[in-house]
Amino acid sequence: MKKTLLLFTLLFSAIGFAQSINDYKYVIVPKKFEWLKEENKYNLNSLTKMMFEKQGWQVFYADEKLPDELALDKCKALYGDVENDSNLLMTSLIITLKDCQGKTVFTSQKGKSKEKSYQKAYYEAMREASQSVNQLNYKYSGKNSTVATTIPTAQKAATPVTVNNDNQLFAQPIANGYQLVDSTPKVILKIYKTSQQDSYTAVSEDKNGVVFKKGNDWVFEYYKNDQLVSEKLNIKF
């Protein structure tokens with residue numbers, strides 16, 4: 001009875017997750033998992049990328065050139081990862097999907113293997129964990145509308161308007177990112193971590209965009225009246 005109830009609960013949860021997951025066209029995966037020392041060790045990162053692609057997502061590594069709509073709004077993607085929950089007797093892997101604010105929207109069943117070879121064990125565990133991803137029956141809903149449908153091609157290719165903001169902003173840690181405050185102190189902007197280093201999604205009272213490091217400068221890019229604005233920020237972390 002308990003096993004039946006648990007199975008029903010997992011199935012119900014998977015259906016609920018799928019309703020929100022279907023709103024995302026893209027998945028971004030890292031080239032190196034935190035628990036491994038090398039990029040694409042045992043080909044696990046490329047295997048993860050292909051697994052999500054097989055389900056129908058458009059998948060990119062964090063450092064790849066991204067489509068315009070995704071480069072300007074990283075919240076249009078989910079962030080795929082593989083977590084290692086292994087012990088001395090068993091290799092165990094879990095596949096996760098998170099949104100741009102770090103909220104977990106999907107967790108797979110735990111894939112397990114008793115193989116002694118790391119590569120064989122990881123592959124077997126990945127195959128088992130990926131069965132949960134298959135059961136999502138992902139199909140893009142089209143709800144997450146693209147930038148391309150609202151921004152004329154000529155404007156996309158145009159040079160952004162450059163603005164220098166000399167006000168000193170101080171970064172205060174919050175869940176999954178920072179809030180940038182002025183000397184008042186007033187919260188000017190909230191930025192949230194992505195899987196790409198020195199790149200954040202950004203939200204203020206009236207603007208949404210991305211904050212990223214360009215050379216030695218921090219830049220906030222957003223659209224205002226269908227015009228791309230590139231605002232240089234003075235941030236102290």
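Residues numbered from 1 in each chain as written. Predicted model: local features only at pLDDT ≥ 70, side-chain atom pairs only at ≥ 80, totals over all residues. Heavy atoms only, no water.

Some thoughts on the overall build of the protein
Regarding its fold elements, the protein presents five helices and 13 strands. When each of the 237 residues of the protein is scored for burial, the buried share is 40%. Taking the intrachain contacts of the protein between residues at least 6 apart in sequence as the baseline, contacts between residues at least 24 apart amount to 49%. Working note: accessible area of the protein is about 14300 Å², and carbon and sulfur atoms make up 50% of it. (Helix = DSSP H or I, 4+ residues; strand = E, 2+ residues; numbered from the N terminus. Buried < 20%, exposed > 50% of the residue type's maximum accessible area, 1.4 Å probe, protein only. Contact = heavy atoms within 4.5 Å. Areas by Shrake-Rupley, 256 points an atom, 1.4 Å probe, with all protein chains shown as cover.)

Let's talk about the pairing of strand 1 (residues 26-29)
With burial as the criterion, each face of strand 1 is covered, one bearing Tyr26 and Ile28 and the other bearing Val27 and Val29. Alignment of strand 1 against strand 2 (residues 58-61), held across four bridges, turns out to be parallel. Note that in strand 2 the partner of tyrosine 26 across the bridge is glutamine 58. A crossover connection joins strand 1 to the parallel strand 2 through helix 2 (residues 44-55); in handedness this β-α-β unit is right-handed. Two strands pair when backbone bridges link them, and strand 1 and strand 3 (residues 77-84) are joined in this way by three bridges, in the parallel orientation. In the strand pairing of strand 3, valine 27 is matched with leucine 78. (Pairing = 2+ DSSP bridges. Right-handed = clockwise from strand over helix to strand, strands pointing away.)

Some thoughts on unusual backbone geometry
Of the consecutive residues threonine 184 and proline 185, the connecting peptide bond is found in the cis state with omega at 0°. By the secondary structure assignment, proline 185 is in the loop between strand 8 (177-181) and strand 9 (187-193). Of note in this structure, asparagine 176 is not a glycine but carries a positive phi near 70°. A residue is classified by how much of its surface remains accessible, and asparagine 176, at 37% relative accessible area, is partly exposed.

Some remarks on the sheet that holds strand 8
Spatial ordering of the closed barrel is given by 7-8-9-10-11-12-13, a layout of seven strands whose pairing is mixed. Between one strand axis and the next, the sheet turns through 35° on average, direction left out of account. Sheet topology note: the strand 10 (residues 199-203)/strand 11 (residues 208-214) ladder contains five bridges and is antiparallel. Among the inter-strand pairings, valine 203 is bridged to a residue of strand 11, identified as asparagine 208. (Axes fitted to C-alpha atoms, helices over the stretch in contact; angles between N-to-C directions.)

Considerations on the confidence of the model for the protein
Summing up the model confidence of the protein, the mean pLDDT is 83 and the portion of residues at 70 or higher is 85%. Note on residues 1-19: pLDDT under 50 across the span, and four contacts to partners over four residues away in sequence or across chains. In the model, residues 146-158 has pLDDT below 50 throughout and makes 12 contacts with residues more than four positions away in sequence or in other chains. (pLDDT = per-residue confidence, 0-100.)

Regarding the nonpolar core
Ile21, Val27, Phe52, Trp57, Ile95 and Leu97 are the most contacted members of the largest nonpolar core, which has 26 residues in total. Mapped by element, the contributors of at least two residues to this core are strand 1, helix 2, strand 2, strand 3, strand 4 (91-98), strand 5 (104-107) and helix 4 (118-134). The biggest single contributor to this core is helix 4, with five residues. If we skip the residues at most four places from it in the chain, isoleucine 95 touches Met51, Phe52, Asp81, Val82, Phe106, Thr107, Ser108, Met126, Ala129, Ser130 and Val133. (Core = buried A, V, L, I, M, F, W, Y, C linked by side-chain atoms within 4.5 Å.)

Quick notes on helix 4
In this model helix 4 runs 24 Å from its N-terminal to its C-terminal C-alpha over 17 residues, within 8% of the 24 Å that 1.5 Å per residue would give. Turning to helix 4, its buried residues are Ala121, Tyr122, Ala125, Met126, Ala129, Ser130, Ser132 and Val133. Buried residues in helix 4 make contact with helix 2, strand 3, strand 4, strand 5 and strand 6 (111-113). (Expected span 1.5 Å × (residues − 1).)

Quick word on helix 2
Look at helix 2: 17 Å from first C-alpha to last across 12 residues, which is about the 16 Å you get at 1.5 Å a residue. Every buried residue belonging to helix 2 is among Leu44, Asn45, Ser46, Thr48, Lys49, Met51, Phe52 and Gln55, and all of these are buried. For helix 2, the secondary structure elements touched by its buried residues are strand 1, strand 2, strand 3, strand 4 and helix 4. Looking at the residues trailing helix 2, positive phi occurs at glycine 56, about 120°.

Quick word on the pattern of salt bridges
Taken as a whole and judged by the stated rule, the model has seven salt bridges. Measuring nitrogen to oxygen at the nearest pair gives 3.6 Å for the salt bridge that ties lysine 41 to glutamate 38. Residue classification places lysine 41 among the partly exposed residues on the basis of a relative accessible area of 26%. Overall, glutamate 38 belongs to the partly exposed group, its relative accessible area being 43%. Ionic pairing is found between aspartate 85 and lysine 110, a salt bridge with its closest N-O pair at 2.6 Å. Here aspartate 85 is found in the loop between strand 3 and strand 4, whereas its partner lysine 110 is found in the loop between strand 5 and strand 6, with 25 residues between them in sequence. Classification of aspartate 85 as partly exposed rests on a relative accessible area of 38%. (Salt bridge = Lys/Arg side-chain N within 4 Å of Asp/Glu carboxyl O.)

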